[in-house]
Amino acid sequence: DIQMTQSPSTLSAFVGDRVTITCRASQSISTSLAWYQQRPGKAPKLLIYKASSLESGVPSRFSGSGSGTEFTLTISSLQPDDFATYYCQQYNSYWTFGQGTKVEIK
Amino acid sequence: QVQLQQSGPGLMKPSQTLSLTCAISGDSVSSNSAAWNWIRQSPSRGLEWLGRTYYRSKWYYGYAESVKSRIYINSDTSKNQFSLQLTSMTPEDMAVYYCARSQHVDPSKGAFDVWGQGTMVAVSS
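Residues numbered from 1 in each chain as written. Chains lettered and ligands numbered in written order. Predicted model: local features only at pLDDT ≥ 70, side-chain atom pairs only at ≥ 80, totals over all residues. Heavy atoms only, no water.

**Some points on the interface of chain A and chain B**
No. 1: Of the residues lining the interface, 16 residues belong to chain A; the matching set on chain B comes to 18 residues.
No. 2: With both sides pooled, the region where chain A packs onto chain B buries about 1,400 Å², and carbon together with sulfur makes up 62% of that total.
No. 3: Considering only the side of chain A, the residues that lose the most area to chain B are Tyr91, Trp95 and Phe97 of chain A, jointly responsible for 44% of the buried surface there.
No. 4: At the boundary of chain A with chain B, the tally comes to zero salt bridges. (Contact = heavy atoms within 4.5 Å. Buried area = accessible area lost by both parts, 1.4 Å probe. Salt bridge = Lys/Arg side-chain N within 4 Å of Asp/Glu carboxyl O.)

In structure tokens, the structure reads:
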């Protein structure tokens, strides 16, 4: 199984901050990587697929980069709506998720 | 707009079989470009993919190794829905269960772009 490791587990930031979350795969997954946002009590929402492609309707302040084993999700200017938990997911070989990064208000 | 509506019980007894259904609107369960998945989420196991079904001239099914001996996914074209059955439930199966769509030229790949609302399933005697 491909393991996905996110860092940090928790991140405290101010509105307006630039935020970066990292995801590492245990083996190369090319660009078969997605990022999701999950708010409490809700289903995950797809933000980014194919490592850097923005899902339709997702604000342009979200961006993704990386290939192989190292990936990042960047929020260019954190908004109140963005305080949530973020997950990476590989889909190169079946599907596995990272453990999540909770973005909290500082 | 594609929507997935889940239904099924929220409380199970140990050893019982869980049955959940995911009704599709705005797409077809027999679409040649989609796959239909079940995922669960618990504090101990995180987000865990359980299995999927898709149609490419015939029906295909695939299951995670962790539940392969206990899971069955079915599709119903007349009702445009798919379902999950998980046998021999234990407290370790307590989780929120989601259905989701993936779209990719390769049905063994693809991110999950549409999700059901989730069903919290408790297991208690």
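Don't stop here, the text continues.
**Digging into the packing of aromatic side chains**
The geometry of two aromatic rings is summed up by the distance between their centres and the angle between their planes.
No. 1: If you walk through the whole model with that rule in mind, you get 13 aromatic pairs over all chains.
No. 2: When the centroid spacing of 6.0 Å and the interplanar angle of 50° are considered together, the rings of Tyr36 of chain A and Phe97 of chain A count as tilted. Taken together, the positions of Tyr36 of chain A in strand 4 (residues 33-38) and Phe97 of chain A in strand 10 (residues 96-97) put the pair 61 residues apart, joining distant regions of the chain. Taken individually, Tyr36 of chain A and Phe97 of chain A each receive the classification buried, so the pair is uniform in this respect.
No. 3: Summarising the aromatic geometry, the rings of Tyr98 of chain B and Trp115 of chain B are spaced 5.5 Å apart at their centres and angled 85° between planes, so their arrangement reads as edge-to-face. Taken together, the residues Tyr98 of chain B in strand 9 (residues 95-103) and Trp115 of chain B in strand 10 (residues 112-115) connect sequence positions 17 residues apart. Of the two residues, Tyr98 of chain B and Trp115 of chain B, both sit in the buried class.
No. 4: Here the aromatic cluster, defined as three or more aromatic residues joined through ring pairs, consists of Tyr36, Tyr94, Trp95 and Phe97 of chain A together with Trp49, Tyr98, Phe112 and Trp115 of chain B. (Phe/Tyr/Trp six-rings, centres within 6.5 Å; stacked < 30°, edge-to-face > 60°. Helix = DSSP H or I, 4+ residues; strand = E, 2+ residues; numbered from the N terminus. Buried < 20%, exposed > 50% of the residue type's maximum accessible area, 1.4 Å probe, protein only.)

**Details of the layout of surface pockets**
No. 1: Here the largest pocket is characterised by a volume of approximately 510 Å³.
No. 2: Every residue lining the largest pocket is counted, 21 residues in all, and those nearest its centre are Asp1, Trp95 and Thr96 of chain A together with Trp49 and Ala64 of chain B.
No. 3: Where the lining of the largest pocket is concerned, the elements lending two or more residues are strand 10 of chain A together with strand 5 (46-55) of chain B.
No. 4: Taken together, the residues of the lining of the largest pocket sort by class into nine nonpolar, seven polar and five charged.
No. 5: Roughly 430 Å³ of volume is contained in the second largest pocket. (1 Å grid on protein atoms, 1.4 Å probe; cavity = no way out; pocket = protein on both sides within 12 Å on 5 of 7 lines; lining within 4 Å. Points joined across faces, edges and corners; volume = space filled by probe spheres on them. Nonpolar A, V, L, I, M, F, W, Y, C, P; charged D, E, K, R; others polar.)

**Overview of the sheet that holds strand 3 (residues 19-25) of chain A**
Residues and elements named next belong to chain A.
No. 1: The strand order across the open sheet built from four strands is 1-3-8-7, with neighbouring strands paired in antiparallel fashion. Among the strands making up the open sheet, the edge pair consists of strand 1 (4-7) and strand 7 (62-67). For this sheet, the mean angle separating the axes of adjacent strands, direction not counted, is 20°. (Pairing = 2+ DSSP bridges. Axes fitted to C-alpha atoms, helices over the stretch in contact; angles between N-to-C directions.)

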